[in-house]
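Per-entry structural report
The primary structure of each chain is shown beneath.
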Amino acid sequence: MMVHNPLYNDFAAFLKQHFTCKVQKISINAGFTCPNRDGSKGQGGCTYCNNQTFNPEYCHTDKSVRTQLEEGKRFFSYKYPDMKYLAYFQAYTNTYGELQELKNKYLEALQTEDVVGLVIGTRPDCMPDELLNYLEELNKQHFLLVEYGIESTNDQTLIRINRGHTFAETVDAIERTASRGILTGGHVILGLPGESPEEIVSQAGTLSRLPLTTLKLHQLQLIRGTRMAYEYYKNPEEFHLFGVDEYIDLVIDYVEHLRPDIVLERFISQSPKKLLIAPTGD
Ligand code: SF4
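Residues numbered from 1 in each chain as written. Predicted model: local features only at pLDDT ≥ 70, side-chain atom pairs only at ≥ 80, totals over all residues. Heavy atoms only, no water.

Selection rule: UniProt positions are given in the numbering used here, feature names are shortened, and annotations may be inferred rather than shown by experiment.
Its UniProt record gives the protein a comment under Cofactor (unreviewed entry), which states: "[4Fe-4S] cluster".

1. Observations concerning the pattern of salt bridges
To keep things clear, this is the line we draw: A side-chain nitrogen of Lys or Arg and a carboxyl oxygen of Asp or Glu constitute a salt bridge if their distance falls within 4 Å. Only DSSP runs of H or I reaching four residues or more are called helices, and only runs of E reaching two or more are called strands; each is numbered from the N terminus. Relative accessibility under 20% of the residue-type maximum defines a buried residue, over 50% an exposed one, and the middle range a partly exposed one, all with a 1.4 Å probe and only protein chains included.
Considering all chains together, one arrives at 16 salt bridges under this definition. Of the charged contacts in the structure, one is a salt bridge between arginine 176 and aspartate 129, with a shortest N-O distance of 2.8 Å. Taken together, the residues span a long stretch of sequence, with arginine 176 in helix 6 (residues 167-178) and aspartate 129 in helix 4 (residues 129-141) at a distance of 47 residues. Notably, a salt bridge pairs glutamate 238 with arginine 160, separated by 2.7 Å at the nearest N-O pair. Here arginine 160 lies in helix 5 (residues 155-160) and glutamate 238 lies in the loop between helix 8 (227-234) and helix 9 (244-256), a separation of 78 residues in the sequence. With relative accessibility at 40%, the residue glutamate 238 sits in the partly exposed group. Salt bridges sharing common partners tie together Glu70, Lys73, Lys84 and Asp114.

2. Details of the packing of aromatic side chains
Keep this limit in mind: Ring pairs shown here join Phe, Tyr and Trp side chains whose ring centres sit within 6.5 Å, with only the six-membered ring taken for Trp; geometry is labelled stacked below 30 degrees between planes, edge-to-face above 60, and tilted in between. Lysine NZ or arginine CZ positioned within 6 Å of the ring centre and within 35 degrees of the ring normal marks a charge as sitting over the ring.
Throughout the structure, instances matching the rule amount to ten aromatic pairs. Here the aromatic rings of phenylalanine 75 and phenylalanine 76 are separated by 5.0 Å at their centres, their planes lie at 90°, and the arrangement is edge-to-face. A relative accessible area of 58% means that phenylalanine 75 is categorised as exposed. Residue classification places phenylalanine 76 among the buried residues on the basis of a relative accessible area of 18%. Ring centres of phenylalanine 89 and tyrosine 106 lie 5.4 Å apart, and the angle between their planes is 90°; this geometry places the pair in the edge-to-face category. Of this pair, phenylalanine 89 sits in strand 3 (residues 84-89) while tyrosine 106 sits in helix 3 (residues 99-110), and the two are 17 residues apart along the sequence. In this structure, phenylalanine 89 and tyrosine 106 share a single accessibility class: buried. Through successive ring pairs, a cluster of aromatic residues spans Phe11, Phe14, Phe19 and Phe143. A cation over a ring is seen here: lysine 25 above tyrosine 88, with NZ or CZ 4.1 Å from the ring centre.

3. Description of empty space enclosed by the protein
Defined as follows: As defined here, a cavity is a set of points on a 1 Å grid over the protein atoms alone where a 1.4 Å probe fits but cannot get out. A pocket is an open set with protein on both sides within 12 Å along at least five of seven lines, and residues line them when an atom is within 4 Å of a point. Grid points are joined across faces, edges and corners, and a volume is the space filled by probe spheres set on the points. Gly falls in the polar group here, along with every residue not listed as nonpolar (Ala, Val, Leu, Ile, Met, Phe, Trp, Tyr, Cys, Pro) or charged (Asp, Glu, Lys, Arg).
For the structure shown, the criterion picks out one cavity of 30 Å³ or more. Within this model, the largest cavity holds a volume of roughly 40 Å³. Every residue along the wall of the largest cavity is listed here: Leu190, Gly191, Gln219, Leu220, His240, Leu241, Phe242 and Pro279. Across the lining of the largest cavity, the residue classes break down as five nonpolar, three polar and no charged.

4. Regarding the packing of helix 3 against helix 4
Rules: For helices, the fitted axis covers only the stretch in contact; all axes are lines through C-alpha atoms, and the angles between them, taken along N-to-C directions, range from 0 to 180 degrees. Note that the term roughly parallel is reserved for angles under 35 degrees, roughly antiparallel for angles over 145, roughly perpendicular for angles of 65 to 115, and oblique for everything else. In this scheme the handedness of a crossing depends on how the near helix is turned from the far one: anticlockwise by less than a right angle means left-handed, clockwise means right-handed. Contacts are assigned to residue pairs with any non-hydrogen atoms lying within 4.5 Å of each other.
Between helix 3 and helix 4, the least distance of the axes is 11 Å, while the angle of their chain directions is 20°. The angle between the axes of helix 3 and helix 4 places the two elements in the roughly parallel class. In terms of crossing hand, the pair formed by helix 3 and helix 4 is right-handed. Every residue of helix 4 that contacts helix 3 at Leu99, Leu102, Lys103, Tyr106, Leu107 and Leu110 is listed here: Glu130, Leu131, Tyr134, Leu135 and Leu138. Of the residues contributing to the contact of helix 3 with helix 4, the split by class is nine nonpolar, no polar and two charged.

5. Some points on the pairing of strand 9 (residues 263-266)
To keep things clear, this is the line we draw: Pairing between strands requires that DSSP locate at least two bridges from one strand to the other.
Relative to strand 9, strand 1 (residues 9-10) runs parallel, the two being bridged by two bridges. Along strand 9, the bridge assignment pairs aspartate 10 with leucine 264. Across three bridges, strand 7 (residues 214-219) lies against strand 9 in parallel orientation. Across the sheet, leucine 215 pairs through a bridge with leucine 264, a residue of strand 9.

Shown next, in the form of structure tokens:
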């Protein structure tokens with residue numbers, strides 16, 4: 001008999017541990033904003049950010065959470081009629097708002113038929129204890145994963161990309177969330193300006209000491225209209241854009257330095273071609 005012996009913990013296997021049925025994430029744009037854009041934490045946003053790259057066709061702000069989920073379900077259920085769904089609050093900062101507004105949107109998602117849980121993407125500096133109290137209760141009834149944009153463990157890099165928070169704030173948010181028994185994930189960008197391959201790989205060790213359950217990796221992408229794209233045109237020598245083989249080697253090295261039980265959800269990201277300047281993978 002063939003024994004499946006994966007080299008890392010993948011997200012599909014992780015979902016199987018939590019659900020007996022097939023489960024698919026549906027991205028939604030719940031109409032939140034971002035404190036790094038509206039001036040409360042910063043202005044202009046992270047230098048690489050163009051939120052248009054987050055959103056699939058069915059995901060528009062003028063549609064309710066329920067409508068987006070129903071449209072997402074139609075998209076997937078055509079192929080898998082018995083599929084269940086996780087509402088993925090992906091665009092912008094999905095814990096940034098009045099507590100009641102946040103509760104209403106999360107509950108609207110959970111009350112949509114066939115939705116069996118939530119994945120909430122947010123910034124590390126946007127998780128007040130009051131909201132965590134609520135999420136801790138929600139987590140007792142439903143599947144919940146909170147996913148933080150970590151991007152880098154290096155404060156110099158975080159300043160350079162205008163993240164508007166420090167790595168200490170990331171550590172604090174992840175520890176407070178996981179200590180409530182809530183599954184806690186992170187997202188990092190490999191290849192940010194100023195970080196050498198050795199520096200990037202050393203960050204895997206730093207992250208492994210945190211109580212993270214899941215992690216997403218993606219390569220730096222230069223997106224049209226972003227501040228980083230402008231910086232690249234002005235000073236391309238400050239950027240190292242990894243070729244495909246070089247990036248694969250970097251990811252292998254990175255994963256080898258990660259805690260082996262961390263569930264890896266993705267290794268690359270694909271922004272729409274019309275928005276992507278580089279790398280194109282051609
Ligand atoms: S990447 Fe996220 S935190 Fe940064 S500006 Fe864009 S929406 Fe805000």
